[in-house]
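Next come the chains, spelled out residue by residue.
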Amino acid sequence: MKNDNEIKVEGTKTLIKAMGAIEAERYIALMAREKFDYTKWRKTMLPEESIQEISKAAMQYREKAKKSKR
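Basis of the calculations
- Residues numbered from 1 in each chain as written.
- Predicted model: local features only at pLDDT ≥ 70, side-chain atom pairs only at ≥ 80, totals over all residues.
- Heavy atoms only, no water.
- Helix = DSSP H or I, 4+ residues; strand = E, 2+ residues; numbered from the N terminus.
- Rg over C-alpha atoms; globule rule 2.2 N^0.38 Å.
- Buried < 20%, exposed > 50% of the residue type's maximum accessible area, 1.4 Å probe, protein only.
- Areas by Shrake-Rupley, 256 points an atom, 1.4 Å probe, with all protein chains shown as cover.
- Axes fitted to C-alpha atoms, helices over the stretch in contact; angles between N-to-C directions.
- Parallel < 35°, antiparallel > 145°, perpendicular 65-115°, else oblique.
- Left-handed = near helix turned anticlockwise from the far one by under 90°.
- Contact = heavy atoms within 4.5 Å.
- Nonpolar A, V, L, I, M, F, W, Y, C, P; charged D, E, K, R; others polar.
- Salt bridge = Lys/Arg side-chain N within 4 Å of Asp/Glu carboxyl O.

Moving on, we come to the overall build of the protein chain. Within the protein chain, the regular secondary structure consists of four helices and zero strands. Written out in order from the N terminus, the α and β elements of the protein chain read α-α-α-α. In terms of overall size, the protein chain is more extended than a compact globule, its C-alpha atoms giving a radius of gyration of 16 Å where 70 residues would be expected to give roughly 11 Å. Considered along the principal axes of its C-alpha atoms, the protein chain spans approximately 45 × 30 × 25 Å. A burial count over the protein chain gives 1% of its 70 residues as buried. Carbon and sulfur atoms make up 57% of the accessible area of the protein chain, which totals about 6,900 Å².

Running from N to C, helix α1 (residues 4–19) and helix α2 (residues 21–33) cross one another at 125°; their axes reach a closest spacing of 7 Å. Considering the angle they form, α1 stands oblique to α2. In this structure, the crossing between α1 and α2 has a hand that is right-handed. Along its contact with α1, which presents Leu 15, Ile 16 and Met 19, the element α2 presents Ala 21, Glu 23, Ala 24, Tyr 27 and Ile 28. Per-class residue counts for the contact of α1 with α2 are seven nonpolar, no polar and one charged.

Attention now moves to the pattern of salt bridges. The final tally for this structure, using the stated rule, is one salt bridge. For Lys 2, the salt bridge identified is with Glu 10, shortest N-O distance 2.2 Å.

Just geometry here; none of it tells us what the structure is for.
See the structure below:
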């Protein structure tokens, strides 16, 4: 099991990889300045689909985007 510091470091690296350093920093600042209820956020901001369904949809979108660039 990872300790809290390891989780924070991994999360930060993941955000930077996915969003870039500037937007990752903005995201962290936005989350830190608001009263944050993860459970409420999860219910309203993230899709109801499972991670597998979200991944499948993302892969289909990527393939469609590749084909439209040709």
